[in-house]
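# Descriptive analysis of the structure
Chain by chain, the residues:
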Amino acid sequence: MKIVGRLWLLAAAACSAASPAAGAEWQAVEQVKSYAISGTTGIELYTSIGERGPLIGGKVRTVAHTDFKLTWNRNYVPQGDLCTLVSAKPKLIITYTLPKPSKRLPEAMRKKWDTFYAGIRDHEKVHGEQIKEMVDTILKTTVGVSVPGDPNCKKIREEIKKPLSAASLAQRQKSREFDRVEMGDGGNIQQLILRLVNP
């Protein structure tokens, strides 16, 4: 969310996804990174989030953040005058940055916090699923592509940038639309925050 997450394409418990285009399974690694916040009341915790949350673009504090690193192992095969991308295996690492109280909370507050945390985590997990869908789309639209007049397999590397870029742009748009709904008036994120800070 923009309160809670912005995603960047870098180059391209664990969840696996099968891709018919690649002809093999691949596995995304998901990890959680926590940042410490202080306070024992809802308003104190939320204020601390505003002070200590991860920075987006070096300027805007967020409640939580989803980031990822995507690299590829691609197998280009020359076939006479053609070059074909015959297989590709992604290595995807998704990192969720989420808040964590630094002190034990009173029982009533702990229950409210657990509800808030679960809602924020589930929101970020949707962003993670969108990233995995993007990777599947890249596999389906690049593996099997052939480029003529490319016996040294150089032109094809430029050619596959087109569907890769299209998949990345589509994922970012989907992420923005999801945040717009979740963070709008009466949306899920707003409700989570209100339930946390209200007595």
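First, a word on what this report is: a plain description of the structure on this page. (Residues numbered from 1 in each chain as written. Predicted model: local features only at pLDDT ≥ 70, side-chain atom pairs only at ≥ 80, totals over all residues. Heavy atoms only, no water.)

## Describing the packing of helix 2 (residues 107-142) against helix 4 (residues 161-183)
Viewed as axis vectors pointing N to C, helix 2 and helix 4 meet at an angle of 160°, and their least axial separation amounts to 9 Å. Judged by the inter-axis angle, helix 2 sits roughly antiparallel to helix 4. Pair helix 2 / helix 4 crosses with right-handed handedness. Of the residues in helix 4, those touching helix 2 at H123, V126, H127, Q130, I131, E133, M134, T137, I138, T141 and T142 are P163, L164, A167, S168, Q171, K174, S175, F178, D179 and E182. Looking at the contact of helix 2 with helix 4, its residues break down into eight nonpolar, nine polar and four charged. (Axes fitted to C-alpha atoms, helices over the stretch in contact; angles between N-to-C directions. Helix = DSSP H or I, 4+ residues; strand = E, 2+ residues; numbered from the N terminus. Parallel < 35°, antiparallel > 145°, perpendicular 65-115°, else oblique. Left-handed = near helix turned anticlockwise from the far one by under 90°. Contact = heavy atoms within 4.5 Å. Nonpolar A, V, L, I, M, F, W, Y, C, P; charged D, E, K, R; others polar.)

## Remarks on the state of the cysteines
Covalently bonding the sulfur atom of one cysteine to the sulfur atom of another cysteine gives a disulfide. Taken as a whole and judged by the stated rule, the model has one disulfide. Note that C83 is cross-linked by a disulfide to C153, the S-S spacing being 2.0 Å. Taking the sign of the torsion about the S-S bond as the criterion, the disulfide between C83 and C153, at about 105°, is right-handed. One end of the pair, C83, is in strand 6 (residues 82-101); the other, C153, is in the loop between strand 7 (146-147) and helix 3 (155-159), with 70 residues separating them in the sequence. When sorted by exposure, C83 lands in the same class as C153, which is buried. (Disulfide = S-S within 2.5 Å. Buried < 20%, exposed > 50% of the residue type's maximum accessible area, 1.4 Å probe, protein only.)

## Considering the nonpolar core
Formed by 40 residues in total, the largest nonpolar core has its most connected members in L92 and F116. Listed by contribution, the elements that provide at least two residues to this core are strand 2 (24-37), helix 1 (42-52), strand 5 (65-79), strand 6, helix 2, helix 4 and helix 5 (188-197). Tallying contributions element by element places helix 2 first for this core, with nine residues. Sequence-distant contacts of F116, defined by excluding residues within four places in its chain, comprise I49, V63, L192, I193 and L196. (Core = buried A, V, L, I, M, F, W, Y, C linked by side-chain atoms within 4.5 Å.)

## A closer look at the pairing of strand 5
Summarising the sheet, strand 5 and strand 6 pair through 15 bridges and their orientation is antiparallel. Residue pairing in the sheet places R74 in a bridge with A88 of strand 6. Taking the residues between adjacent antiparallel strands as the criterion, strand 5 and strand 6 are bridged by two residues, where G80 takes a positive phi near 65°. (Pairing = 2+ DSSP bridges.)

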